[in-house]
Amino acid sequence: MITVKNVETVRNYAVTFMLLIAVGCTVADLPKSATVTVEATAPDDLSLVVSPRFRTVDDTRVFGNADTIQIIGDYTQVYALNEEARISATLINNGELPEVVRLAISIDGTVQFDRSGTLELGESLPFEYRWVIRRP
């Protein structure tokens with residue numbers, strides 16, 4: 001758990017942190033699902049934006065489609081991955097108070113992201129996964 005002393009560090013990571021995971025697999029190993037889990041101590045106004053269809057253009061994520069879920073308690077959802085085998089999930093604090101949160105994402109049962117911390121007003125905790133075939 002990240003403490004109040006680390007709030008500045010969390011703030012910096014929340015603004016700039018993006019995780020890109022390259023997995024050396026073949027097309028037959030294409031991931032099938034992503035499990036997104038959110039835990040919050042007392043969710044007031046948290047939003048989760050999830051999309052399996054997106055592109056990154058000039059460091060900006062452009063969604064083909066996205067679901068926005070208002071988090072009112074602990075949340076777990078399994079998302080089917082399409083032929084692009086990618087997913088973007090961003091947890092956002094839209095409330096007036098800091099929120100202690102945890103965002104965890106597993107791809108086909110393997111944990112790829114698990115972060116906890118305090119999100120201040122307007123801060124976000126982003127995750128991005130793109131499956132990549134490594135060529136020999």
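Notes on the structure in this doc start here. Predicted model, so just to flag it, every value in this text is computed and none were measured.

This brings us to the pairing of strand S7 (residues 110–119). As judged from the nine bridges shared by strand S6 (residues 99–107) and S7, these two strands associate in the antiparallel manner. What sits directly across from Val-100, in S7, is Thr-118. Between the end of S6 and the start of S7, which pair antiparallel, lie two residues, with Asp-108 showing a positive phi angle near 50°.

Position of Ala-85 among the secondary structure elements: in the loop between strand S4 (75–80) and strand S5 (86–93). Residues Ala-85 and Val-132 lie 47 residues apart in sequence; the distance between their C-alpha atoms is 8.7 Å. With residues up to four places along the chain from it excluded, the contact list for Ala-85 reads Leu-30, Pro-31, Tyr-129, Arg-130 and Trp-131.

As enumerated under the stated definition, the model contains five salt bridges in all. The partner of Glu-39 in a salt bridge is Arg-102, with the nearest N and O atoms 3.0 Å apart. Of this pair, Glu-39 sits in strand S1 (residues 33–40) while Arg-102 sits in strand S6, placing them 63 residues apart in sequence. One network of salt bridges, with partners in common, ties together Glu-39, Arg-102 and Asp-114.

Turning our eyes to something else, we now look at the sheet that holds S5. Pairing is antiparallel across the open sheet formed by four strands, whose spatial order is S3-S2-S5-S8. For this open sheet the edge positions go to strand S3 (60–71) and strand S8 (124–130), each flanked by a neighbour on one side alone. Within this sheet the neighbouring strands show an average axis-to-axis angle of 20°, counted without direction.

On to the packing of aromatic side chains, then. Using the criterion set out here, one finds one aromatic pair in the structure. Ring centres of Phe-113 and Phe-127 lie 5.1 Å apart, and the angle between their planes is 50°; this geometry places the pair in the tilted category. Here Phe-127 lies in strand S8 and Phe-113 lies in strand S7, a separation of 14 residues in the sequence. Here Phe-113 falls in the buried class, since its relative accessible area comes to 1%. Taking relative accessible area as the criterion, Phe-127 reaches 0% and is therefore assigned buried.

Moving on, we come to the sheet that holds S4. The sheet built from four strands is open, its strands ordered S4-S1-S6-S7 with antiparallel pairing. Strands with a single pairing partner mark the edges of an open sheet, and in this sheet they are S4 and S7. Sheet twist, expressed as the average angle between the axes of neighbouring strands with direction ignored, equals 15°. Here seven bridges tie S1 to S6, and the two strands are oriented antiparallel to one another.

About the thresholds
- Residues numbered from 1 in each chain as written.
- Predicted model: local features only at pLDDT ≥ 70, side-chain atom pairs only at ≥ 80, totals over all residues.
- Heavy atoms only, no water.
- Pairing = 2+ DSSP bridges.
- Helix = DSSP H or I, 4+ residues; strand = E, 2+ residues; numbered from the N terminus.
- Contact = heavy atoms within 4.5 Å.
- Salt bridge = Lys/Arg side-chain N within 4 Å of Asp/Glu carboxyl O.
- Axes fitted to C-alpha atoms, helices over the stretch in contact; angles between N-to-C directions.
- Phe/Tyr/Trp six-rings, centres within 6.5 Å; stacked < 30°, edge-to-face > 60°.
- Buried < 20%, exposed > 50% of the residue type's maximum accessible area, 1.4 Å probe, protein only.

On their own, these measurements won't tell you what the molecule is for.
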